[in-house]
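# Summary of the model geometry
Spelled out, the chains give:
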Amino acid sequence: MADALVSVVLERLTSIGLQVAENGLRLVVGVNEEVEKLSSTFQTIQAVLIDAEKRQVKEQAVKLWLDKRQNVAYDIEDVLDDWNTAILKSQIDTNVRPSSPFRHLRVSWTQPSSISIPRLILRQDIAVKIKELTERLEAIAKEKDVYAFFVNQTRNTDIEPERPKTTYFIDVSEIHGREEDKNTIVSMLLSENNLETKGIPIISIVGMGGIGKTTLAQMVYNQRELNAYFQKKIWVCVSDPFDEMRIAKAILETPTGVPCCLSELNTVLEKINEFILGIRFLLVLDDVWTEDERKWQSWKYCLSSGSQGSKILVTTRKDNVAIIMGCSELFHLGKLTEEECWSLFSHIAFSLRSDRERESLADIGKEIAEKCKGLPLAAKTLGGLLRFKRSREQWQRILDSHMWELDEAENGLFSPLLLSYYDLPSPVRQCFSYCAIFPKDHKIEKDSLIKSWMAQGLLRETEGNTTEIVGEEYFENLAMRSFFQEFEKDEHDDSIIRCKMHDIVHEFAQFLRKTECLLVSSNGIEKQSAAFFIKMFVV
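No experiment lies behind these values; they were computed from the predicted model shown.

In terms of regular secondary structure, the protein is built from 22 helices and 10 strands. Looking at the 539 residues of the protein, the share that counts as buried comes to 50%. Within the protein, counting contacts between residues at least 6 apart in sequence, those at least 24 apart form 76% of the total. Put simply, the protein shows about 26000 Å² of open surface, and 50% of that area lies on carbon and sulfur atoms.

Spelled out as structure tokens, the structure:
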């Protein structure tokens, strides 16, 4: 988000220099240098934003530093808007109009050099504001050195939310629901392979973070009928980054328990090929993220020596992963039913409580469970939070609070969603956080959303693609990673017309914008607005 906003400001700052050069405009002495300083300082800050954005989750001081930088960025945009307004007024006064009423958003048209820009605005107000902003930004840039940020780091796993390592061990008594889903996946695994399909069939379980993909895979893995059908079962937690050598060694080590001492990937893959030769096996690859198709090529050949009936089961958050891997069957994991969600929540929240306590808190507990909207992780998080809260007043506070207002939710519930968020390209993150402005359970019109992104300057044309096409790609990116759901599609071409956000995903978007979002309630109806979007778009 921060990186995308800085890019927008830098682009607009650059346009000032082009404008002055093209139109022969003159500012007070020294202002051109101030604009150059602003651009240079912003570029210095931009180099550390990837690191800063990740660290803000755990470090409040970094979050405050980013907020200060963001406030300056907004103020700079306001100054640039003043610049655009002055030009428009000048053109109106001289009966010269731009070719399009929207071109001023980019300050990209030309105007005759004879046009006189109001000196009071250009030579005093804008000049003074730019100088003040330069001083503020330079102070923020100096402050960044205190935090020892990494420069131009695309990934720093130490500061990302922790990626849990999974195993196939599970306590079935702790599972509530998913029986039908389990039976469906087991049936897929036990079915005969299609002889026309090349390679080992791949079944993918796809769903948003916290929906229970790993839990379902664990349930399936431990079914007795699979032990009788498959000669070997192997579980590997893949996670991110995709470490080919680690994964290959894990495949060899899991069935034997003997550490693999080989150091060359090719040699390890040969060993795997020999190990599974003629064996009917089940390989579970849990939590797969990479969309690099090249990483899968050698694996496909390596695993092809298994006998008829072998299967690969994959869990992932992204449809693209399943497609790239060439999955034969894709299973989208849905939400728990209300009864299942209540069962899971109450099992945790009412653990070790007396029957009297259960009865007195059951009504409010059911309302809290409804807030989870069928998301198992939310039920577990809130159930664990309330497990040690005895009074009804404490339970009522949780019911009346937004998820993003609870510190416990930030650590337990939003961490998995942050992993998906940081996996997005920076411009797409900004488009996602924009959705915090919509009311909860709002039907989002896709075309309207893309136009709003365009109006906010969140989309940039790329070579060969218009902003509309870029917006379509961003929307598809978010949809395929389960940030959107409940799609309504056109009956003719099956394209998405509108969608919704899961309530927890919406709360997560508000969490990202919690210093900028404002919730207004009128006659029981909640409306959302945000400072970031207040200039052009308010719901």
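So much for the structure itself; the text now carries on.
What the rule picks out here adds up to zero disulfides. In this model Cys341 remains outside any disulfide bridge; the closest cysteine sulfur is found in Cys372, 4.6 Å from its own. Cysteine Cys499 is unpaired, with the sulfur of Cys435 as its nearest cysteine sulfur at 7.7 Å.

By the bridge criterion, three bridges tie strand 7 (residues 485–489) to strand 8 (residues 496–500) in an arrangement that is antiparallel. Bridge pairing links Glu488 to Arg498 in strand 8. Connecting the antiparallel pair strand 7 and strand 8 is a turn made up of six residues, with Asp494 showing a positive phi of about 65°.

Turning our eyes to something else, we now look at the nonpolar core. Across soluble globular proteins, you tend to see nonpolar side chains buried next to one another. One finds Phe432 and Trp453 to be the most contacted residues of the largest nonpolar core, which totals 82 residues. Apart from residues no more than four positions distant in its own chain, Trp453 is found in contact with Cys431, Tyr434, Leu458, Leu459, Gly471, Tyr474, Phe475 and Leu478. Counting 31 residues, the second largest nonpolar core, distinct from the first, contains Ile247, Phe281, Cys302 and Leu303.

Right, let's talk about the sheet that holds strand 7 for a bit. Reading across from one edge, 6-8-7 is the order of the three strands in this open sheet, with antiparallel pairing throughout. Bordering the open sheet on either side are strand 6 (444–445) and strand 7, each of which pairs with just one other strand. Sheet topology note: the strand 6/strand 8 ladder contains two bridges and is antiparallel. Across the sheet, Glu445 pairs through a bridge with Arg498, a residue of strand 8.

Evaluated as defined, the whole model comprises 22 aromatic pairs. For the pair Tyr229 and Phe230, a centre-to-centre distance of 4.9 Å together with 90° between the ring planes defines the contact as edge-to-face. Judged by relative accessible area, which is 15%, Tyr229 ranks as buried. Members of the aromatic cluster, joined through ring pairs, are Phe414, Tyr421, Tyr422, Phe432, Phe483, Phe508 and Phe511. Sitting over the ring of Tyr221, Lys233 keeps its end group 4.4 Å from the ring centre.

For Val220, the position within the fold is in helix 7 (residues 213–221). Note: C-alpha distance between Val220 and Leu189 (31 residues apart in sequence) is 9.3 Å. Dropping the residues within four chain positions of it, Val220 is found in contact with Lys182, Ile185, Val186, Leu189, Leu226 and Leu313.

Time to look at helix 6 (residues 179–190). End to end, helix 6 covers 17 Å across 12 residues, agreeing with the expected 16 Å (1.5 Å per residue, within 8%). If you check which residues of helix 6 are buried, you get Asp181, Lys182, Ile185, Val186, Met188 and Leu189. Buried residues of helix 6, viewed axially, fall in a sector of 155°; they line one side. Among the structural elements, strand 1 (202–206), helix 7, helix 8 (224–229), strand 3 (281–288), strand 4 (311–316) and strand 5 (329–332) are those in contact with the buried residues of helix 6.

With that settled, consider the sheet that holds strand 5. Read from one edge of the open sheet, five strands run 2-3-4-1-5, paired in parallel fashion. With one partner strand each, in any of the chains shown, strand 2 (232–239) and strand 5 form the two edges of the open sheet. For this sheet the average axis-to-axis angle between neighbouring strands, irrespective of direction, equals 15°. Inspection of the sheet shows strand 2 paired to strand 3 by seven bridges, in the parallel sense. Looking at the pairing, Trp235 lines up with Val284 of strand 3.

Let's shift gears to a negative patch on the surface. A contiguous patch of negative charge, built from Glu338, Glu339, Glu367, Glu370 and Asp400, is present on the exposed surface. For the negative patch, the secondary-structure elements that each account for two or more residues are helix 13 (338–349) and helix 14 (355–371). Mapped onto the elements, Glu370 comes out in helix 14.

Between helix 13 and helix 15 (residues 376–386), the least distance of the axes is 7 Å, while the angle of their chain directions is 25°. Considered as vectors, helix 13 and helix 15 are oriented roughly parallel to each other. Between helix 13 and helix 15 the crossing geometry is right-handed. Judged by residue contacts, Cys341, Leu344, Phe345, Ile348 and Ala349 of helix 13 engage Pro376, Ala379, Lys380, Leu382, Gly383, Gly384 and Leu386 from helix 15. Partitioning the contact of helix 13 with helix 15 into residue classes produces nine nonpolar, two polar and one charged.

On to the environment of Arg280, then. Structurally, Arg280 is set in the loop between helix 10 (265–275) and strand 3. Taking the C-alpha atoms as reference points, Arg280 and Lys233, 47 residues apart in sequence, are found 9.0 Å from one another.

Charged atoms that come close allow side chains of opposite charge to pair. In total, this model carries 23 salt bridges according to the counting rule given. Here Glu143 makes a salt bridge to Lys68, at a shortest N to O gap of 2.8 Å. One end of the pair, Glu143, is in helix 5 (residues 119–143); the other, Lys68, is in helix 4 (residues 60–93), and 75 residues separate them in sequence. Note on Lys68: relative accessible area 36%, which makes it partly exposed. Residues Arg353 and Glu357 are paired through a salt bridge, measuring 3.7 Å at the closest nitrogen-oxygen approach. The class of Arg353 is buried, set by a relative accessible area of 6%. The structure contains a network of salt bridges with shared partners spanning Glu291, Lys318, Asp423 and Arg481.

Cut-offs used in this document
- Residues numbered from 1 in each chain as written.
- Predicted model: local features only at pLDDT ≥ 70, side-chain atom pairs only at ≥ 80, totals over all residues.
- Heavy atoms only, no water.
- Helix = DSSP H or I, 4+ residues; strand = E, 2+ residues; numbered from the N terminus.
- Buried < 20%, exposed > 50% of the residue type's maximum accessible area, 1.4 Å probe, protein only.
- Contact = heavy atoms within 4.5 Å.
- Areas by Shrake-Rupley, 256 points an atom, 1.4 Å probe, with all protein chains shown as cover.
- Disulfide = S-S within 2.5 Å.
- Pairing = 2+ DSSP bridges.
- Core = buried A, V, L, I, M, F, W, Y, C linked by side-chain atoms within 4.5 Å.
- Phe/Tyr/Trp six-rings, centres within 6.5 Å; stacked < 30°, edge-to-face > 60°.
- Lys NZ or Arg CZ within 6 Å of the ring centre and 35° of its normal.
- Expected span 1.5 Å × (residues − 1).
- Arc of directions from axis to C-beta.
- Axes fitted to C-alpha atoms, helices over the stretch in contact; angles between N-to-C directions.
- Patch = residues over 30% accessible without salt bridge, like charges linked within 9 Å, V, L, I, M, F, W, Y side chains within 5 Å.
- Salt bridge = Lys/Arg side-chain N within 4 Å of Asp/Glu carboxyl O.
- Lys, Arg positive; Asp, Glu negative; His and termini not counted.
- Charge placed at Lys NZ, Arg CZ, Asp CG, Glu CD.
- Parallel < 35°, antiparallel > 145°, perpendicular 65-115°, else oblique.
- Left-handed = near helix turned anticlockwise from the far one by under 90°.
- Nonpolar A, V, L, I, M, F, W, Y, C, P; charged D, E, K, R; others polar.

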